[in-house]
Amino acid sequence: MRWKVTVIVRLKEGLNDPEGRVIGNALRNLGYAVENLRVPKYFEFELESEEPEREVEEMCRRLLANPLVHNYEYSIEPVS
Amino acid sequence: MVRFAVVVFPGTNCDFETERAIRNAGGKAERVWYKANLKDFDGVVLPGGFSYADYLRAGAIAARQEIMEEVKEFAREGRPVLGICNGFQVLTEAGLLPGALRPNRIPRFLCRWVHLRVEDIQTPFTSLYEPGEVIRMPIAHAEGNYYVDDPSKARVVFQYSDEKGNVTEKANPNGSVLNIAAIASERGNVLGTMPHPERASDRFLGSEDGLRLFRSMVEWAKK
């Protein structure tokens, strides 16, 4: 069975996001009232698997996120 | 003579300098491609560079390569494992050292000389320094902001300081917790350093302070 997977990896709450801060400042300089801008990482891929939940969870833990500094979430949908 | 493997991943670029520094320190060094095996070596060094172009997170992809299982074995056996800059990032990503190296507080690449205070001379890499000594080495990194949830987990070896050895916020180039520049594993045989000792290993480079790190390592591996 083939699945379309999206994964979002976010820095944990309270951890400084230097890239987000710079982009947020740039938007503020353009006149927008932006606060607390963060830059999560977004992954999308197709996966051939009988156990997509287990495999995607494992991929997040083993490589896509660093559990010390990141949280992650994902969605899995069948490819039509 | 003791032999060190200097592991080369795609994107590693400090391998020649590191090999030379180990030789100048009296050891034998050989650059080895990351597909090689390490069984004939006494120690392993992961040099600086940009393994896998620093994609995903610096060091993350190199840390999941098969050769790292052998490096873990080295660490378990108490043999010396040194990670410099990208090598330090690989060691934290592989779980051989606690914590993580995050993008610098000001998100840009930093390349300059820093002063470091030597905090721990009880490791195989620092036995030839004096406790509290101030040394000079260059840094060159975009992701050197050391983070650990519980700083008591990190065995601090070098801290960023001013030239007098004061560990101040101003002397912290990248935002590291407690000005941490280098840490060792609990047993001391795994060391990760963001500053580059190989770039301070010869007088013509501006400092020889880094050479003693390699000398300490070579002397210790001989025993």
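Residues numbered from 1 in each chain as written. Chains lettered and ligands numbered in written order. Predicted model: local features only at pLDDT ≥ 70, side-chain atom pairs only at ≥ 80, totals over all residues. Heavy atoms only, no water.

- An unreviewed UniProt entry annotates chain B as Phosphoribosylformylglycinamidine synthase subunit PurQ originating from Thermococcus thioreducens.
- Within the UniProt record for chain B, the comment given under Pathway (unreviewed entry) is "Purine metabolism; IMP biosynthesis via de novo pathway; 5-amino-1-(5-phospho-D-ribosyl)imidazole from N(2)-formyl-N(1)-(5-phospho-D-ribosyl)glycinamide: step 1/2." (UniProt positions renumbered as here; feature names shortened; annotations may be inferred.)

- As annotated in an unreviewed UniProt entry, chain A carries the name Phosphoribosylformylglycinamidine synthase subunit PurS and comes from Thermococcus thioreducens.
- Check the Pathway (unreviewed entry) section of the UniProt entry for chain A; it says "Purine metabolism; IMP biosynthesis via de novo pathway; 5-amino-1-(5-phospho-D-ribosyl)imidazole from N(2)-formyl-N(1)-(5-phospho-D-ribosyl)glycinamide: step 1/2."

## What about the nonpolar core?
Argument step 1. Ranked by size, the top nonpolar core spans 67 residues in total, and within it Val7(B), Phe9(B), Ile22(B), Leu38(B), Met68(B), Leu82(B) and Phe158(B) carry the most contacts.
Argument step 2. With 6 residues, the single largest contributor to this core is helix H4 (residues 211-222) of chain B.
Argument step 3. Other than its neighbours up to four places away in sequence, Ile22(B) contacts Phe4(B), Val6(B), Gly27(B), Lys28(B), Ala29(B), Val45(B), Phe214(B), Met217(B) and Val218(B).
Argument step 4. In this structure, Leu47(A), Val56(A), Ala65(A) and Ala60(B) belong to the second largest nonpolar core, which totals 12 residues. (Core = buried A, V, L, I, M, F, W, Y, C linked by side-chain atoms within 4.5 Å. Buried < 20%, exposed > 50% of the residue type's maximum accessible area, 1.4 Å probe, protein only. Helix = DSSP H or I, 4+ residues; strand = E, 2+ residues; numbered from the N terminus. Contact = heavy atoms within 4.5 Å.)

## Remarks on helix H3 (residues 86-93) of chain B
Residue and element names in this part refer to chain B.
Argument step 1. Across the 8 residues of H3, 8 count as buried, placing the element largely inside the fold.
Argument step 2. Among all positions of H3, only Asn86, Gly87, Phe88, Gln89, Val90, Leu91, Thr92 and Glu93 are buried.
Argument step 3. Of the residues flanking the end of H3, it is Gly95, one or two places downstream, whose phi is positive at about 80°.

## Here we look at the packing of helix H1 (residues 15-24) of chain B against H4(B)
Residue and element names in this part refer to chain B.
Argument step 1. Following both chains from N to C, one finds H1 and H4 inclined at 65°, their axes separated by 8 Å at the closest point. Seen along the crossing, H1 lies across H4 with a hand that is right-handed. Packed against H1, whose contacting residues are Thr18, Ala21, Ile22 and Asn24, the element H4 presents Leu211, Phe214, Met217 and Val218 at the interface.
Argument step 2. Looking at the contact of H1 with H4 residue by residue, the classes come out as 6 nonpolar, 2 polar and no charged. (Axes fitted to C-alpha atoms, helices over the stretch in contact; angles between N-to-C directions. Left-handed = near helix turned anticlockwise from the far one by under 90°. Nonpolar A, V, L, I, M, F, W, Y, C, P; charged D, E, K, R; others polar.)

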